[in-house]
Amino acid sequence: MQRIQGAKVLLSGLQGLGAEIAKNLVLMGVGILTLHDPHPTCWSDLAAQFFLSEQDLGRSRAEASQELLAKLNGAVQVCIHTGDITEDLLLDFQVVVLTASKLEEQLKVGTFCHKHGVCFLVADTRGLVGQLFCDFGEDFTVEDPTEAEPLRATIQHISQGSPGILTLREEADAHHFHNGDLVTFSGIEGMVELNGCAPRPLHMREDGTLEIGNTATFSRYLRGGAVTEVKRPRTVKHEPLDAALLQPRVVAQSPQEVHRAHCLHRAFRALHTFQQLHGRPPRRWDPVDAEMVVGLAQALEPLKGTEGESSEEQLDEALVRTVALSSAGSLSPIATMLGAVAAQEVLKAVSKKFMPLDQWLYFDALDCLPEDEEPFLNPEDYAPRDCRYDGQIAVFGAGFQKKLSHQHYLLVGAGAIGCELLKGFALVGLGAGGSGGVTVADMDHVERSNLSRQFLFRPQDIGRPKAEVAAEAAHHLNSNLKVTPLTYPLDPTTEHIYGDNFFSNVDGVAAALDSFQARHYVAARCTHYLKPLLEAGTNGTRGSACVFMPDVTDVYRGPASDADSEDASYPVCTVRYFPSTAKHTLQWARDEFEGLFHLSAETIKRYQQEGHPQGALISLADMDGPQVLTLLQVVLGVLRERPQTWRDCVLWALGHWQLCFHYGIIQLLRLFPPDKVLEDGTPFWSSPRQCPQPLEFDASQDMHLLYVLAAANLYAQMHGLPGSRDQTELRGLLKLLPLPDLQDLAPIFASDLELAWASAELGPEHLKKLHEALEIWSTGPPLEPLMFEKDNDNNFHVDFVTAAACLRAQNYGIPPANRTKSKRIVGRIIPAVATTTAAVAGLVGLELYKVVGGPRPLSAFRHNYLHLAENYFSRWVPFAPAIQKFQHLEWTCWKRLEVPAGEPERTLESLLAHLQELLGVRVTMLLRGPAVLYSAGWSLEKQAWHLPLRVTEVMRQVTGQAPEPGQRVLVLELSCEGDEEDTTFPPVHYKL
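Definitions and limits used
Residues numbered from 1 in each chain as written. Predicted model: local features only at pLDDT ≥ 70, side-chain atom pairs only at ≥ 80, totals over all residues. Heavy atoms only, no water. UniProt positions renumbered as here; feature names shortened; annotations may be inferred. Helix = DSSP H or I, 4+ residues; strand = E, 2+ residues; numbered from the N terminus. 1 Å grid on protein atoms, 1.4 Å probe; cavity = no way out; pocket = protein on both sides within 12 Å on 5 of 7 lines; lining within 4 Å. Points joined across faces, edges and corners; volume = space filled by probe spheres on them. Nonpolar A, V, L, I, M, F, W, Y, C, P; charged D, E, K, R; others polar. Buried < 20%, exposed > 50% of the residue type's maximum accessible area, 1.4 Å probe, protein only. Pairing = 2+ DSSP bridges. Right-handed = clockwise from strand over helix to strand, strands pointing away. Expected span 1.5 Å × (residues − 1). Core = buried A, V, L, I, M, F, W, Y, C linked by side-chain atoms within 4.5 Å. Domains from an automatic or database assignment. Contact = heavy atoms within 4.5 Å. pLDDT = per-residue confidence, 0-100. Polar contact = N/O pair within 3.5 Å; in protein donor to acceptor, adjacent residues only side chain to side chain. Arc of directions from axis to C-beta.

The chain carries the name Ubiquitin-like modifier-activating enzyme 7 in an unreviewed UniProt entry, which gives Camelus dromedarius as its organism. Database annotation for the chain, UniProt heading Catalytic activity (unreviewed entry): "ATP + ubiquitin + [E1 ubiquitin-activating enzyme]-L-cysteine = AMP + diphosphate + S-ubiquitinyl-[E1 ubiquitin-activating enzyme]-L-cysteine." The UniProt entry for the chain carries the following comment under Sequence similarities (unreviewed entry): "Belongs to the ubiquitin-activating E1 family."

Brief notes about the UniProt feature "domain: Ubiquitin-activating enzyme E1 C-terminal" (unreviewed entry) in the chain
Per the UniProt record, "domain: Ubiquitin-activating enzyme E1 C-terminal" (unreviewed entry) is found at residues 861-988. For residues 861-988, the helix share is 22%, the strand share is 31%, and the end-to-end C-alpha distance is 29 Å.

Some details on the layout of surface pockets
Its volume calculated, the second largest pocket comes out at about 1200 Å³. Along the wall of the second largest pocket there are 44 residues; nearest its centre are Gln15, Ala100, Arg126, Gln275 and Pro281. For the lining of the second largest pocket, the elements supplying multiple residues, two or more each, are helix H2 (16-28), strand E4 (95-99), helix H5 (103-116), strand E5 (119-126) and helix H7 (255-278). A total of 5 residues in the lining of the second largest pocket trace back to one element, the largest contributor, which is H7. Of the residues contributing to the lining of the second largest pocket, the split by class is 15 nonpolar, 19 polar and 10 charged.

Concerning the pairing of strand E20 (residues 508-511)
The side-chain alternation of E20 yields two buried faces, one formed by Gly508 and Ala510 and the other by Val509 and Ala511. Sheet topology places strand E17 (residues 408-412) next to E20; 4 bridges connect them, and they run parallel. When the bridges of E20 are listed, tyrosine 409 appears paired with glycine 508. For the crossover from E20 across helix H16 (residues 516-529) to strand E21 (residues 533-539), the handedness is right-handed.

Observations concerning the UniProt feature "active site" (unreviewed entry) in the chain
Residues annotated by UniProt as "active site" (unreviewed entry) correspond here to Cys573. Mapped onto the fold, cysteine 573 is located in helix H17 (residues 572-577).

Notes on unusual backbone geometry
Residue aspartate 358 is joined to glutamine 359 through a cis peptide bond whose omega torsion reads -25°. By the element assignment, glutamine 359 lies in the loop between helix H10 (332-351) and strand E16 (360-364). A cis amide bond links glutamate 903 to the next residue, proline 904, at an omega of 0°. Here proline 904 shows up in the loop between strand E27 (897-900) and helix H29 (908-919). Notably, tryptophan 285 is not glycine yet its phi reads approximately 50°, a positive angle. With respect to the secondary-structure elements, tryptophan 285 resides in the loop between H7 and helix H8 (287-299). Overall, the relative accessible area of 6% leaves tryptophan 285 in the buried class. Even without a glycine there, the phi angle at leucine 530 is positive, about 55°. Its location among the elements puts leucine 530 in the loop between H16 and E21.

Describing helix H22 (residues 702-718)
Compared with the 24 Å implied by 1.5 Å per residue over 17 residues, the 24 Å span of H22 between its first and last C-alpha is a close match. The buried fraction of H22 is high, at 13 of 17 residues. One or two residues past the end of H22 sits glycine 720, with phi positive at roughly 70°.

Some details on the nonpolar core
Ranked by size, the top nonpolar core spans 156 residues in total, and within it Val96 and Leu128 carry the most contacts. Top contributing element to this core by residue count: helix H28 (residues 834-853), with 12 residues. Residue-level mapping places this core at the junction of two domains, with at least three residues from each of domain 1 (1-142 + 237-253 + 330-364) and domain 3 (407-565 + 830-874). With sequence-adjacent residues up to four places away left out, valine 96 is seen in contact with Leu10, Leu90, Val109, Cys113, Val118, Cys119, Phe120 and Leu121. Counting residues in hydrophobic clusters, the runner-up holds 50 residues, among them Ala589, Ile604, Phe697 and Ala712.

A word on the confidence of the model for the chain
For the chain, mean pLDDT is 88; residues scoring 70 or higher make up 90% of the total. Confidence drops under pLDDT 50 across residues 563-567; counting only partners more than four residues distant or on other chains, this segment forms 2 contacts. Contacts of residues 744-762 to residues separated by more than four positions or lying in other chains number 44 contacts, the stretch itself having pLDDT below 50.

Examining the side chain of lysine 850
Tracing the chain through its elements places lysine 850 in helix H28. Lysine 850 sits in the buried class, given a relative accessible area of 0%. For lysine 850, the side chain forms a polar contact with the side chain of glutamate 847, separated by 2.9 Å. Within polar-contact distance, the side chain of lysine 850 engages the backbone oxygen of alanine 860 at 2.8 Å. Not counting chain neighbours up to four residues away, the residues in contact with lysine 850 comprise Asp367, Cys368, Arg856, Ala860, Phe861, Arg862 and Arg875.

A few points about empty space enclosed by the protein
To find leftover empty space, a probe the size of one water molecule is rolled over the atoms. Enumeration according to the criterion identifies 6 cavities of 30 Å³ or more in this entry. In this model, the second largest cavity occupies a volume close to 90 Å³. Lining the second largest cavity are 13 residues; nearest its centre among them are Pro333, Gly424, Phe425, Ala841 and Gly845. Of all the secondary structure elements, the ones that give two or more residues to the lining of the second largest cavity are H10, helix H13 (416-428) and H28. Looking at the lining of the second largest cavity element by element, the count peaks at 6 residues for H13. Residues that form the lining of the second largest cavity fall into these classes: 6 nonpolar, 5 polar and 2 charged. When residues of the lining of the second largest cavity are sorted by domain, at least three fall in each of domain 1 (1-142 + 237-253 + 330-364) and domain 3 (407-565 + 830-874).

Comments concerning helix H31 (residues 951-959)
Every buried residue of H31 is listed here: Val951, Thr952, Val954 and Met955. Within H31, the buried residues cover an arc of 155° as seen down the axis, which keeps them to one side. Against H29, strand E28 (923-928), strand E29 (931-935), helix H30 (940-946), strand E30 (969-976) and strand E31 (988-991) lie the buried residues of H31. Following H31 by one or two positions, glycine 960 adopts a phi angle in the positive range, close to 80°.

Quick word on the environment of valine 294
With respect to the helices and strands, the residue valine 294 is situated in helix H8. Placed 136 residues apart in sequence, valine 294 and leucine 430 show a C-alpha to C-alpha distance of 34 Å. Ignoring any residue separated from it by four or fewer positions in sequence, one finds valine 294 in contact with Leu315, Glu317, Val320 and Arg321.

Now the structure itself:
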């Protein structure tokens, strides 16, 4: 990030593609971004350039875009260059990007940049195809080639010898390393010569241990420590543009993709030649111009292979012809997708992180075009109309544009992807006319950490509902777009809001959610209401975008739950007494924060409000052992009374340090000595348990000091006292303070530990002591409970958790997490970057064209996966829905049995007879959720009682519930005579 923040980038061309690149670079925080585009804004720009509006027509694109771009990130300097691109200008930048440029300019600028070590990129879009070229020079070093974190494992033992043998605590960890991997060491006690050593190569042994070189002269290994992989830099050699034009190296996953990319390469060169010959690009859907482009592509010299020989590849004339016919268009989804990839390549150039493209990327979405239409038979439909959608009409026609404007879509989630999707909807005109519209559903509020990738939000929006802010921002992008914000979650508790009436007015759903549980629910709603679902997700530089069409594709079948669900928890004993991973220590530290600075203050405040009688004690009795212990530590601690000064707060923090990292560990080892053996002879302290060691406080150690500094400041905040950030002053104060004597806390701590281990009941002595202390502490002003806030780096919250977890890790010989990783884990932050977010949103937009365009075969749709760090891009046709069979019946997951209730409403007997007529088999059971409305196994008397009743009356009697007002459908499940246990029949939709 420091390299990115110091970067200087020149971006020439501010049409849709250039705007996307600029937006991503500003969000990611490049130091200086200089814009160059003196050309006036025209109508076709507005289809993909979201910084421009009708009021900017005739203005320079760069000037019209600068102000809005600069507002995205106040830390980025956004400049404009109005003159020509000269050699002196180019030398002032690390990276130069040309978009929508002529080939002659590309060659001139590219040659100069290659010669002078300036990273050079060319990006271009023509209708539904895009092109990206990277030249980072002949000797570009990538310092961190992959996104994966370095391998890290906990050490069990290291032998003295030549070679020294490394044994890992978890045998499985050894399989992740390979011969020749470079590693370094940290946190080792005893053989300290290895700590921070120069990288050493590993050699794998058959027994799973690892050779690490000569350790014969080193000190004897005692305990602890971690081995960490050292990533190796890689060098990239790129060809200049003039050579790469004739011998293109393309990013592709198969020989078929290579051939298609080569054909698109020749198509782009032919389009440049056409422009040079005729002074204009090919006209919209003009077959004569298109044939000329095909001829120019055929006339190009053959491409050279990797060995320099001429390639005998056959030109795909149909592909080139289609590219030429649709090349006059400007489309937001294509600009969004390619602009994201181009911006990521700029970031690779300035950060030296991740391998750059080698060297050409071609992307096409010609599958968006209808297969059976000949647009040039009706050229008027594609003619310019001097409107903001002219660039899109040039590809799909005015009739399609009208259809888009009448759509009504539900967007679930207004986070990073949701903002990008909403921007895309505004640009393409989804729901911007007639009865159309977009409803945005999101219950969250804008946080500071959102601003780096959710570009519809600004600092002044922090704390406001995301749905409302996003709706207002989208309306500013397109004043004709009708956006309705809803701040209710979409889950089973809100089906009275998002019910039959709501979904009957929805044409499709776009989901931008960050949990698999939420995705499954939304997907189930779409299956229930037979609505198309467009779905996208990201994790770092990985992203996916998928489409699910009723009766055409299979339904959504993502993982059942998140691997690291926010509800995932670890056993209390593991976290408090027997941690074995950095995540355990972070969970403990997070629990410490909650108990020390939130729970205790809340309890004391409630004790004050309720007059500290029986009610508060009852609530205290409901706490578990660790909670009562934490409250005892806060209320009793080493002060015995409320703090009055900063010195008191420091004394409390120092005492708590002693309690957690020294005295508490001694107490634990008294109960479970290092040599303790279980009944079966197994040592108690064996993997995964790690025997802890008490720490000795040392103010010269950074983590010791940081803990006291953070804890004292948080304690001061809770009591409304001023704190201090002066570490030098704190070190001086700590020299004057004696280490607190905690012997009188021994019975409390030991008792609680035994309780937790044996799961016994809390003793009354805990509550009595606590009640006596609370009587003293409840006098004075109320305490201020602290809510954990990850996004404020100045509030000591993350500092406390980081320091506490690190010290806990030192106790147990566990490799600690650094501050960044700690913040990500305890803040439950999903790694997210603006580029990946934009890329998947663009891919969703392409599938939207197909969904809205009308009936399409399965072969037209695409699921998408990309990994920008690894230059991996994959698009494939979704699976068709599986066909299920029972006797003569066949159906898919989209099938339902629709039965009208009738007027007057039919009886249960009538419904069963109707279903038997539909299915040709006898229904043996009918259910509404878990409730049985009918069973063939009932007695004749029970059947005689239920069968004459109306269906809704049967439901009311069995479930105690009647249909909700406005509910249009009751969903029933059935079983049939002769079915198997795993047979799932289509649901019955009983239409009220």
